[in-house]
Structure formats: C-alpha cells, structure tokens
Amino acid sequence: MRIAIITLPLHGNYGGILQNYALQTVLKRMGHTVETVAFPRELKQPLWRKPLAYGKRLIRKFVFRKNVHIFYEQWYNATQPLLLRNVWKFVDNQIVTRTVSRFTNIHEGDYDAFVVGSDQIWRPIYSYRPITDAYLSFARNWKDVRRIAYAVSFGTAEWEYTPGQTAQCAALVRLFDGVSVREDSAVKLCKEHFHCEAVHVLDPTLLLSAEDYVALFSDKLSEPSRGQLLTYILDETPEKNHIVQKLAGHYHYQPYRANSRFEDGDAPLEERVQPSVEQWLKDFYDAKFVVTDSFHATVFSILFGKPFIVIANKARGLSRIESLLKMFGLEKHIVYGEAELDVSLDYALNRQQLQARLQTWREESLGFLRNSLE
C-alpha cells in the first residue's frame, strides 16, 4: 500500500522528527511504501503580502516594542540552515519525503492511504493554517483512499477550536477509517466535540525499541559523555535551573545539555547550532539522570530506563505528559514547581515492569494501525 504521512513540519524539533521516523519505520516493516509530505524549508512571502506583513511587523517592533524581525523570511533563510544543519542531515538521510508547496499539489490516486500524526498536529496554535488541512480537507471528495489518524494530539485537555473550526473538522473526522489519539484526555475531547470514538494509543516513538534507536548512533562518531545529569529544557527559567542544581548537588552529578542555546537570539551563532539527532539520542543513552520539561525527552528517558524528573510545562500542554506518565505508573516523576521537588525520592525505573506495560500498549497500538489499514 502507498501511504503518505501528514505531520507537523520537520524543522528543528527532535521529538517531532523522531516520531515521524518511528511511524515511517513501523509502516515500512508492515510492508508498505511510505512518504512523508513535507514543505520547502525556505520561507517566501508573496509579493502582494509583503507591504501588509512588513507593516504589521514595524508596528509590533516600534510601537509595541516586541522583539520581531521585520524581514523575518530573509533572517530565517539565512540562519536556520546553519543552526539546523546537523538535524536536517538526519531528516534527509532517514526520512523519505515528498516536498510540495501546498496540499492541493497531491492528487487523487497518488496514495492508497493517509496517516495523520502524531505530535500536536490537531492543536490549532501549532498546526497548519487552516487547521482543516490536518484533517485531509484537500481529499474530502476522494473515494478510494483510507484515512487514519494515528496518535494525534490536541496538546492540552482544553478545547482550543473556534465553533467554526469544530464544525468543519467534525465533518472531516467522519470520513476517517480510524481515529486514535495520544492522550486519554483527547479521547474525551473527540467524543464531546466531534462525536467520534477515538482509541488511546502510544506515541509512535514508543513503538520502536531502545535497540532501534541505539542502532542509529552506535556506528557514528559522536562526542563522549560530558556529564551525568542530562538536561533538555525547552523553556528555561530560574526555577528550573534551581531544580537542576539541587539534583546535581544531591547526586554529585555534572549537568550537561542535550540541546544548544538554539532559541537564545542573543547568544553567539556557533552556540546556537543544534546537535545531530544521533548525538541527542546518545546523550540520553549515556545519562545517569534526566531533567526535562519536554514530552519526547520524557519518552526517551522511559525507553532508555533512565531515572528522570519532568518539570510541568503548562504553556506547552500538561495533559500529554500526565497521560504518558499515567500509562506507565510514573506519576511521581512530574514536578509542578521547585517546592515540590523531593530529592530523597527514588526515581529509578523498574525496567521489567516498564517492558511489560510497553509490550501490552505496543500490541494494542500496532493492532489499531493494522486493522485501520486493512
């Protein structure tokens, strides 16, 4: 079967890239031909939109004192290839993509099935504009094609759609042959707002084994471990830094980062270059303890059996992390603030118990995929 994966753009997000790689790998192992629909990396502003776009940015910068780039597209196209060159190398080598300028470049008959997912592709603030693209609106009148949503995420337990978006997406969901979601809260949201029965499944990254990921970096020349306490913090704050220092002091571990200062626009450019995906994975493999505020960093801490703390990150959505921890009975690993940190707790993982739960969830999740594609 010819399958197209529809997911969020593969830019610099390690978790987003690896969930795409994992889903592609699983579908290929099932015997399918798989491509991921991608968009050009270079940003372009249509000529007719430039006066309006630049005018808005000028007002935001000089009237509202916002830190924005007036010529954002030029800035992005000059900096991102440098900062993400190591990450994009993995995408180019490991993920089969089909680049289109818009979804309407895809024609009926190109594919036998579409698999939408995973990550927060059904969250309006992160997804395509319009959000209906993530529901295959371009293929709404196609007859002989299967539509599957695999481990899609709304990112939060709150409903963020407008009434118009809800009505449009509910109509499109009724065309799907199978709908599965990544969080238990999303099962409820689908029922309440789309009147749709969704299945709770694993994030694609958890469908592969730890050994599958080790194989990606085991033959690569990568940096030796730089410490014992790995940090992967997306939104740094003084409080999160205090938590890291407390744990480092308690365990006598040297902290080291899995990411660069990528989002720090004031940092020198060479300090913002993101490490390769292979190095990112190896950092988790080498760690003795992990501190993060990221969903997928939590996933790889679990896969590699590492003691970890995940700091609640409300802005990016809590329900997805809370649901993940609940799946494996790891609720004690989330910390909602520095005052809640208890360094005396044993954060070691019971690997035998984890593997048993993983096996059960994998069988159910893979079963959903197979049945939906039949």
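Cut-offs applied
- What you see as residue numbers is a count from 1 along each chain, following the sequence as written.
- Reporting in this predicted model follows two pLDDT cut-offs: at least 70 for local features of residues, and 80 or more for side-chain atom pairs to be given and counted; totals over whole chains, interfaces and linings ignore these cut-offs and use all residues.
- With hydrogens and water excluded, all non-hydrogen atoms of the structure serve as input to the side-chain values.
- Two aromatic rings from Phe, Tyr or Trp, using only the six-membered ring of Trp, form a pair when their centres are within 6.5 Å; if the ring planes differ by under 30 degrees the pair is stacked, by over 60 it is edge-to-face, and anything between is tilted.
- Runs of E in the DSSP output that reach at least two residues are strands. Runs of H or I that reach at least four are helices, and both are numbered from the N terminus.
- Partly exposed residues are those whose accessible area sits between 20% and 50% of the maximum for their type, while under 20% is buried and over 50% is exposed, using a 1.4 Å probe and protein chains only.
- Whether a charge sits over a ring comes down to the Lys NZ or Arg CZ being within 6 Å of the ring centre and within 35 degrees of the ring normal.
- Should DSSP find at least two bridges between two strands, the strands are regarded as paired.
- The disulfide criterion is simple: two cysteine sulfur atoms within 2.5 Å.
- Axis definition: a line fitted to C-alpha atoms, over the contacting stretch in the case of helices. Angles run 0 to 180 degrees between N-to-C directions.
- Note on angle classes: values under 35 degrees are labelled roughly parallel, values over 145 roughly antiparallel, values of 65 to 115 roughly perpendicular, and the remainder oblique.
- When checking whether two residues touch, look at their non-hydrogen atoms; a contact exists if any pair is within 4.5 Å.
- As a working rule, the residues Ala, Val, Leu, Ile, Met, Phe, Trp, Tyr, Cys and Pro are called nonpolar, Asp, Glu, Lys and Arg charged, and the rest polar, with Gly in that last group.
- The nonpolar core is taken to be a set of buried Ala, Val, Leu, Ile, Met, Phe, Trp, Tyr and Cys residues, with the residues joined through side-chain atoms within 4.5 Å.
- Every crossover in which the path from the first strand over the helix to the second runs clockwise, viewed with the strands pointing away from the viewer, is termed right-handed.

**Student:** Looking at this structure, how should I read the packing of aromatic side chains?
**Tutor:** Tallied over the entire structure, the rule returns 37 aromatic pairs. On the numbers, 6.1 Å between centres and 90° between planes, the contact of Phe289 with Tyr347 is edge-to-face. Of this pair, Phe289 sits in strand β10 (residues 289–292) while Tyr347 sits in the loop between β12 (334–335) and α12 (351–373), placing them 58 residues apart in sequence. Accessibility classification places Phe289 together with Tyr347 in one group, the buried group. Ring pairs connect the aromatic residues Tyr14, Tyr213, Phe217, Tyr232, Trp280, Phe284, Tyr285, Phe300 and Phe304, which therefore count as one cluster. The residue whose ring lies beneath Arg182 is Phe295, and the NZ or CZ to ring-centre distance is 4.0 Å. When the ring centre of Tyr285 is taken as reference, the NZ or CZ atom of Lys306 above it lies at 5.8 Å.

**Student:** Looking at this structure, I do not really get the sheet that holds β10. What am I missing?
**Tutor:** If you walk across this open sheet you meet the five strands as β9-β8-β10-β11-β12, and the pairing is parallel. The two strands at the open ends of the sheet, each matched to only one other strand, are β9 (255–257) and β12. Pairing of strand β11 (residues 308–311) with β12 involves two bridges; the strand directions are parallel. What sits directly across from Val310, in β12, is Ile334.

**Student:** I keep staring at the state of the cysteines and nothing clicks. Help me out?
**Tutor:** Two cysteines form a disulfide when their sulfur atoms are joined by a covalent bond. Scanning all chains against the criterion turns up zero disulfides. In this model Cys169 remains outside any disulfide bridge; the closest cysteine sulfur is found in Cys190, 11 Å from its own. A relative accessible area of 0% means that Cys169 is categorised as buried. Cysteine Cys190 shares no disulfide, and the gap to the nearest cysteine sulfur, in Cys196, comes to 4.9 Å.

**Student:** Even after reading the chapter, I still don't get the packing of helix α1 (residues 14–29) against helix α4 (residues 85–94), so can you show me in this structure?
**Tutor:** Packing of α1 against α4 leaves a shortest axis separation of 11 Å and a crossing angle of 10°. For the element pair α1 / α4, the angle class is roughly parallel. Residues Tyr14, Ile17, Leu18, Tyr21 and Gln24 of α1 form the contact with α4, whose own contacting residues are Val87, Phe90, Val91 and Gln94. By residue class, the composition of the contact of α1 with α4 is seven nonpolar, two polar and no charged.

**Student:** Looking at this structure, I do not really get the nonpolar core. What am I missing?
**Tutor:** Tyr150, Tyr213, Phe284, Phe300 and Phe328 are the most contacted members of the largest nonpolar core, which totals 71 residues. The next biggest cluster of nonpolar side chains, apart from the first, holds 38 residues, and it includes Ile121, Ile131, Phe138 and Val173.

**Student:** Where do I start with the pairing of strand β8 (residues 229–232) in this structure?
**Tutor:** Along any regular strand the residues' side chains alternate between the sheet's two faces. Residues Leu229 and Thr231 point to one face of β8 and Leu230 and Tyr232 to the other, with burial holding for every one of them. Two elements, β8 and β9, share three bridges in a ladder whose sense is parallel. Of the residues in β9, the one forming a bridge with Thr231 is Arg257. Between the parallel pair β8 and β9, the chain is carried across by helix α8 (residues 238–251), and the sense of this crossover is right-handed. Bridge count between β8 and β10: four bridges; the pairing is parallel. Residue pairing in the sheet places Leu230 in a bridge with Val290 of β10.

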